[in-house]
Amino acid sequence: MAQADIKSLSLNELTDEMAVLGLPKYRAEQIFKWLHQKSVCTFDEMSNISTTVREELSNLYYISVANIEKKQVSCYDETVKYLFKLNDGEYVEAVLMSYHHGYTICISTQVGCKMGCTFCATGKSGFSRNLAPSEMLAQIQTAQLDNNIRISNVVLMGMGEPLDNYDNVIKFLSLISSDKGLNIGMRHITLSTCGVVPKIYELAKLKLQITLAVSLHAPRDEIRSKTMPINRKYNLARLIDACFAYSKATGRRITFEYAMIDGVNDSDECAYELARLLKGLMCHINLIPVNNVTGAGYKKSKKDRLNSFSKILESNGITATVRRTLGSDIDASCGQLKRRLTEEKI
Ligand code: SAH
Ligand code: SF4
């Protein structure tokens, strides 16, 4: 029988499974804390659990890990980019950033991505598999141990589309916010989506206090469908309707990500269209100079474009931030490290 993923079990599920092994509730709680708070990678480290039980556990279960395969530290700021190796040998990336209010980690939710956005390194590399909740947790745990820090904020903005791995992501959110686990509150978590509309409605029903970030990148279907294939399935009108519904159901402001690509989506006309599209929606826009992905042929917008674009949005009542690019020397953007590693290996 294949071993089961013990770190993806909720405390209730773990309690039930341990009861079958004859272990009382407090033992299950101890094991949960070893897995989630002490971040152990082996059952042998669980020093207050008997050797017999530890052996039994290691026969039945495995512990998901994220081992550091490669690490790049920016020389401009404290940004660290990790390439993690998972139990089955797959690779995912995460980026640790230091802000004045604490540490934020950007983690992956899938190995690769099916969505195929033309500007994205992950999208270009195809899809391999979904990550389990435990594998999302493991990325945070390894980064904490490696730097001897507590991470306060998590963004699901690494490789993969979180809403295309919906059930595992929701389970991860409940595990990470458990007071017997990493105890990172929903308000400290951001989930970024390319716009999987039905799942936005499903998420809205849960009324979580997370921040929803929507990768918009264009104010009209004609441009968006060219760069983001998901737009051919769920167009802008449907996406913005879902955003209104989400904001109404949760009372939360939505963040829009807008990668500025020279000559593609950065004209004044685009800015006016964007302002019209988002009129009346509680939102904020992050303008990000697009990161150059080898082979994609996109260039960053010029600085004066970014300034003009954000001024138009502001003068139309939409708050916009030109995002500071962290770790610009280490390709600290989605999928680039893995892509480079696999290209080096070929
Ligand atoms: N799949 C989700 C989350 C992962 S992508 C999503 O698309 O939202 C994380 C963010 O990086 C998204 O906003 C995505 O649009 C952006 N991104 C991807 N490639 C980029 C690039 N080359 N330059 C700037 N932003 C990029
Ligand atoms: Fe997938 Fe997001 Fe990259 Fe698009 S931008 S390919 S949705 S990871």
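Please refer to the structure higher up on the page.
Described in the following lines is the structure provided in the data block. As the structure is a prediction and not an experimental result, all values here were calculated from the model.

In the vicinity of ligand 1, 18 residues are found, and the nearest of them are Phe-119, Ser-192, Ser-215, His-217 and Asn-291. A distance of 2.9 Å is found between a nitrogen atom of ligand 1 and a backbone nitrogen or oxygen belonging to Phe-119. Asn-291 is positioned such that a nitrogen or oxygen atom in its backbone is 2.8 Å from a nitrogen atom of ligand 1. When the free accessible area of ligand 1 is taken as 520 Å², the share hidden by the protein chains comes to 92%. At the level of secondary structure, the elements contributing two or more residues to the shell around ligand 1 comprise strand 10 (189-193) and strand 12 (254-260). Of the residues contributing to the shell around ligand 1, the split by class is 9 nonpolar, 7 polar and 2 charged.

A few words on the nonpolar core. In this structure, Ile-31, Val-154, Phe-172, Phe-256, Leu-278 and Ile-285 are the most contacted members of the largest nonpolar core, which totals 105 residues. Three or more residues apiece are contributed to this core by two domains, here domain 1 (4-62) and domain 2 (69-345). With residues up to four places along the chain from it excluded, the contact list for Val-154 reads Ile-105, Ile-107, Ile-140, Phe-172, Ile-176, Ile-184, His-188, Ile-189 and Thr-190.

Right, let's talk about helix 1 (residues 11-20) for a bit. Spacing of three or four residues puts side chains on the same side of an α-helix, whose turn is 3.6 residues. Along helix 1, the residues that are buried comprise Leu-14, Thr-15 and Met-18. One side of helix 1 carries all its buried residues, which in axial view fall inside an arc of 100°. Turned more than 90 degrees off the buried face of helix 1, the exposed positions are Asn-12, Asp-16 and Val-20. Buried-residue contacts for helix 1 involve helix 2 (25-36), helix 3 (51-60) and strand 2 (61-62). Of the residues flanking the end of helix 1, it is Gly-22, one or two places downstream, whose phi is positive at about 85°.

Reading the values: rules and limits
- Residues numbered from 1 in each chain as written.
- Chains lettered and ligands numbered in written order.
- Predicted model: local features only at pLDDT ≥ 70, side-chain atom pairs only at ≥ 80, totals over all residues.
- Heavy atoms only, no water.
- Near = heavy atom within 4 Å.
- Polar contact = N/O pair within 3.5 Å; in protein donor to acceptor, adjacent residues only side chain to side chain.
- Areas by Shrake-Rupley, 256 points an atom, 1.4 Å probe, with all protein chains shown as cover.
- Helix = DSSP H or I, 4+ residues; strand = E, 2+ residues; numbered from the N terminus.
- Nonpolar A, V, L, I, M, F, W, Y, C, P; charged D, E, K, R; others polar.
- Core = buried A, V, L, I, M, F, W, Y, C linked by side-chain atoms within 4.5 Å.
- Buried < 20%, exposed > 50% of the residue type's maximum accessible area, 1.4 Å probe, protein only.
- Domains from an automatic or database assignment.
- Contact = heavy atoms within 4.5 Å.
- Arc of directions from axis to C-beta.

Honestly, it's all geometry; don't read function into it.
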